[in-house]
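Residue strings, one per chain:
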Amino acid sequence: MNILLTGGAGFIGSHTAVVLSQAGHEVVLLDNFCNCRKSVLERLEKILCKALPCVEGDIRDTTLVIKTLQDYKIDAVIHFAGLKAVGESIEKPIEYYANNVQGTISLLEAMKSSGVTTLVFSSSATVYGDPQYLPIDEKHPTSATNAYGRSKLHIEEMLKDVANSGADWNIICLRYFNPVGAHESGLIGEDPNGLPNNLMPYIAQVASEKLPHLNVYGNDYPTVDGTGVRDYIHVVDLAEGHLAALAYVQHHKGWDVFNLGTGHGISVFEMISSYKYASGKEIAYQIKGRRTGDIAECYTKVDKSQGILGWHSKRSLDQMCESSWLWQNMRNDSV
Ligand code: NAD
Ligand code: UD1
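Residues numbered from 1 in each chain as written. Chains lettered and ligands numbered in written order. Predicted model: local features only at pLDDT ≥ 70, side-chain atom pairs only at ≥ 80, totals over all residues. Heavy atoms only, no water.

Turning our eyes to something else, we now look at unusual backbone geometry. With an omega dihedral of -10°, the bond running from Leu134 to Pro135 counts as a cis peptide bond. Within the secondary structure layout, Pro135 lies in the loop between β5 (118-124) and α6 (147-163). For Lys73, which is not glycine, the phi dihedral falls at a positive 50°. Tracing the backbone shows Lys73 in the loop between α3 (62-71) and β4 (76-79). Even without being glycine, Glu209 reaches a positive phi, approximately 60°. (Helix = DSSP H or I, 4+ residues; strand = E, 2+ residues; numbered from the N terminus.)

Below, the discussion takes up the site of ligand 1. For ligand 1, the set of nearby residues contains 27 residues, the closest of which are Asp31, Asn35, Lys84, Asn99 and Tyr148. Between ligand 1 and the protein, one listed contact pairs an oxygen atom with a backbone N or O atom of Ile12 at 2.8 Å. Contact between ligand 1 and Tyr148: an oxygen atom at 2.8 Å from a side-chain N or O atom of the residue. For ligand 1, whose free accessible area comes to 820 Å², the fraction covered by protein is 95%. Of all the secondary-structure elements, those providing two or more residues to the shell around ligand 1 are α1 (11-22), β5 and α6. When residues of the shell around ligand 1 are assigned to their parent elements, the largest contribution, three residues, is made by β5. Tallied by class, residues from the shell around ligand 1 come to 12 nonpolar, 10 polar and five charged. (Near = heavy atom within 4 Å. Polar contact = N/O pair within 3.5 Å; in protein donor to acceptor, adjacent residues only side chain to side chain. Areas by Shrake-Rupley, 256 points an atom, 1.4 Å probe, with all protein chains shown as cover. Nonpolar A, V, L, I, M, F, W, Y, C, P; charged D, E, K, R; others polar.)

It is worth stressing that arrangement in space is one thing and function is another; only the former is reported here.
The following block contains the structure:
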């Protein structure tokens, strides 16, 4: 299939590009490079031994998206493009709704006018809010406490309406848990601008002595050791989840949603210990107060994605930390 990846030069998009391309799909990237470097294209070429076509532009440029869909005879779209920093979304809600919601409307208009009706959308476990029960299944009630989460919920609702509109749409929303790690080559990975917000990229920078210590946000949660527990998933497993979702969505009309995670919760202390083992470095940390908006514990029920998509995660926590450490050491090398 010919597949367009919006935001395809970003963290999850670039790993998915590798997996789809290696599975025999023709992959086209569309990215405005607002949160990634152009050097990712050379790195992808190095991994794949071929260059992937990449259109530089914004998904809100409907004319450009239409031209891209037609030029490359696109059969399906995976929609990664969006802004994703929770704190920033609270300060800049208009930018978040404009980019995420308006951007998706523009993409849908372009798809409709080009007759492309198959779409996989990057949603997030953030739409479950504070979990009412664990593990979280797809029927868990949804809610949002910030503009980022609400933009994901708005888009999901919009996609449901589009799928129910009587047209021929095949749409899947994938709710990712906590994607971490990097490609085994160490050539692509997560490349946050400035101070990392998320746990693993922060630990990676402590291990490489770019940051003095990790702040552990809370050790008094009702969890295994008092620290926050999350369902971390290797980004290559997540990328393989997109391959499975694509195979399914082609033959299923309407709208559906799947959680992508491992089903296992890992605490901050467990993550520190595993990263220390993978890197051979001390991870200095200080206990701080809880971070506003944080939840105690979150992990998915895997039955739906396993049963229907036939997909499950394969890579261990050690592999997540090892690949992150390799990427941390190689990311500044030029290719
Ligand atoms: P990322 O920032 O690395 O990738 C997003 C890409 O989209 C970037 O390359 C950026 O330049 C591009 N982009 C943003 N706005 C654009 C626009 N208007 N037009 C064209 N390109 C645009 O983020 P990621 O971690 O790869 O996340 C991909 C998707 O998955 C996002 O929608 C995000 O909300 C969602 N998600 C991510 C996580 C996570 O922890 N990384 C968790 C849940 C959901
Ligand atoms: C964050 C986002 C969420 C997004 C998810 C994946 C917030 C409030 N939520 O969630 O919307 O879907 O990332 O991208 O930002 N921690 C520390 N020290 C740190 C960083 C994190 O102790 O420096 C702890 C947190 O308190 C938490 C765990 O590590 O218990 C994971 O944090 P993080 O990686 O930011 O992910 P989420 O909180 O799940």
